Amino acid sequence: MEPSPMREPQRQSLNASADLSYSGSSLTSTNSSISHVRRNSSPLHPYQALVDCILAGPVDETTIRVAVRKRPLSAAERGNKDTDIIEIQPPRNVVIHEPKKQLDLTPVTESHYFAFDHTFGAEVPNDCVYHTVCLPLVVSMFRGGKSTCFAYGQTGSGKTFAMMGDQGRERAGGGKGRKGQPTGEGWENAGLYALAARDIFQVLAHPAFASRGWTLHVSFFEIYGGKLFDLLNRRAPVRCLEDARQHVQFLGLTEKAMVSVEDLLTTIAEGQSQRSTGSTAANADSSRSHAVLQLSLKGHACAERSAGRSPATSGSEAKSMLQHGKRNVRVKDSNQGRLKEPVIGSFSFIDLAGSERGADTRNTEKATRMEGAEINTSLLALKEVIRALDRKQNHTPFRGSKLTQVLKDSLVGARAKTAMLACIAPALSSCEHTLNTLRYADRVKENDASAVPGP
């Protein structure tokens, strides 16, 4: 059966809650959340409302948010007369109407009900998703937090479009993505990367922050086959290690300072063109790696200190001292002594490789099947890590995969905030995939079952 359309009421509801408005010195809100305030021009500054919220707005205590987004039926699905079986019931609920047959072959419909923090229908543009899910993370970033947003779902469910917008769609069509920033109505379906970059640079240009001298830096790498590759340096290998304080350090990772939205989007497009893709039975252009984009706000450069330790020596001095019988000589790091820019806050966007079953790689070579096994292992490890953090368990299994090791610093700490966007395909042919995705998202953050309506 095809569920009754819920589209127009949802669009009106989301538009009413997705924008920012400035009212005096405070933000007006229907539910005291940054994602539910209205954006209008201010006589002072077009982003005055966002700046006021960063400086003096309410603190969002939620550490993990889970949202679900349904994509439209594709041209191929419509050509095959595939049926839309997903009903979005905003603001929180999703219903899957799965056609089945009883033992006597009588057709029946089994309905599966799920509840999440936010749900979005196929007609909802990227900017509405951004204002509800990601904008609170931008606020947290400027307040010194560590924000993480990742997209999860089966291959071909719209993850890359959510992250990259029209750039990702052009890349899937065989190109390398359009460079430059969107203009006018192009922002409506710009990727979450671009929308976050726009707001970050607008806030940095505001008089309240321009005098602070903060700058935005970007690094972009992929995790493929359990190894890291720098997408901003021709896929050069990167090592991920822990230092003595158990902080994650990336050796050989390129980090670039950005000066504008266009500069950032051009850099991302160049890195995206280096990403590993492949063909499976489920998707002819499937991402075979996890892509991690890290945005870091940095302050004024300051000299790096080594308190409580003896002064470091240069390499030549250390060699001379060792030849004369000296021991415990601490050699100066190549980066030590340089001016170091302190990190104010960070925002990590993760475009996860598509989850898939073994049947989806049935006509491919062994390497592709091994890729799928590695992808599924890392996705399972990520789910277990986020569940452990949400439950505040004593042990968090970060060593379950390279993906979770890389994200350790982004996910832990009092100021860490995470948003998951589960992308689902509406077609009957993707029913099993869709149910698996929703069950995964439901297990990441076990929502109150009493909020789920019964049949």
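Note that this is a predicted model, so its numbers are computed, not measured.

Asks: In this structure, what is going on with the sheet that holds strand β4 (residues 107-115)? I would like to understand it.
Replies: Paired through backbone hydrogen bonds, the strands of a sheet run either parallel or antiparallel to each other. Reading across the sheet, the three strands line up as β2-β3-β4 and stay open at both edges, with antiparallel pairing between neighbours. Taken across any chain shown, the strands that pair with only one partner, and hence form the sheet edges, are β2 (86-89) and β4. Strand-to-strand twist across the sheet, computed as the mean angle between neighbouring axes with direction ignored, equals 25 degrees. Note: strand β3 (residues 93-101) against β4, nine bridges, orientation antiparallel. Bridging from a neighbouring strand, V95 pairs with Y113 of β4.

Asks: What is the right way to look at helix α4 (residues 126-142) in this model?
Replies: Every α-helical turn comprises 3.6 residues, leaving residues that sit three or four positions apart pointing alike. The terminal C-alpha atoms of α4 lie 22 Å apart, and with 17 residues this matches the ideal 24 Å at 1.5 Å per residue to within 8%. Maximum bend of α4: about 50 degrees, positioned at C134, with proline P136 one to four residues after it. In terms of residue burial, α4 counts as a mostly covered element, since 16 of its 17 residues are buried.

Asks: Where do I start with the pattern of salt bridges in this structure?
Replies: Scanning the model with the defined rule gives 12 salt bridges in all. Note that D60 and R65 form a salt bridge whose closest N and O atoms lie 2.7 Å from each other. Accessibility expressed as a relative area gives 14% for R65, which makes it buried. Measuring nitrogen to oxygen at the nearest pair gives 2.7 Å for the salt bridge that ties E110 to K100. Placement of the pair is E110 in strand β4 and K100 in strand β3, with a sequence separation of 10 residues. Taking the relative accessible area as the measure of exposure, K100 reaches 35% and is therefore partly exposed. Here the salt bridges share partners, and the residues they tie into one network are E242, R399 and K408.

Asks: Got a minute to help me understand the pairing of β2 in this structure?
Replies: Along any regular strand, the residues point their side chains to alternate faces of the sheet. Covered by surrounding structure in β2 are I86 and I88 together with E87 and Q89, the residues of both alternating faces. Sheet topology note: the β2/β3 ladder contains four bridges and is antiparallel. Bridge pairing in β3 links Q89 to N93. Once β2 ends, the chain turns through three residues before running back antiparallel as β3.

Asks: So what exactly am I meant to see when it comes to the UniProt feature "binding site: ATP" (unreviewed entry) in the chain here?
Replies: Taking the UniProt record as the reference, the feature "binding site: ATP" (unreviewed entry) is found at G153, Q154, T155, G156, S157, G158, K159 and T160. With respect to the secondary-structure elements, G156 resides in the loop between β6 (146-153) and α5 (159-164). Relative to the helices and strands, T160 is located in helix α5.

The rules behind the values
- Residues numbered from 1 in each chain as written.
- Predicted model: local features only at pLDDT ≥ 70, side-chain atom pairs only at ≥ 80, totals over all residues.
- Heavy atoms only, no water.
- Pairing = 2+ DSSP bridges.
- Helix = DSSP H or I, 4+ residues; strand = E, 2+ residues; numbered from the N terminus.
- Axes fitted to C-alpha atoms, helices over the stretch in contact; angles between N-to-C directions.
- Expected span 1.5 Å × (residues − 1).
- Bend = angle between axes of the 7 residues up to and from the residue.
- Buried < 20%, exposed > 50% of the residue type's maximum accessible area, 1.4 Å probe, protein only.
- Salt bridge = Lys/Arg side-chain N within 4 Å of Asp/Glu carboxyl O.
- UniProt positions renumbered as here; feature names shortened; annotations may be inferred.

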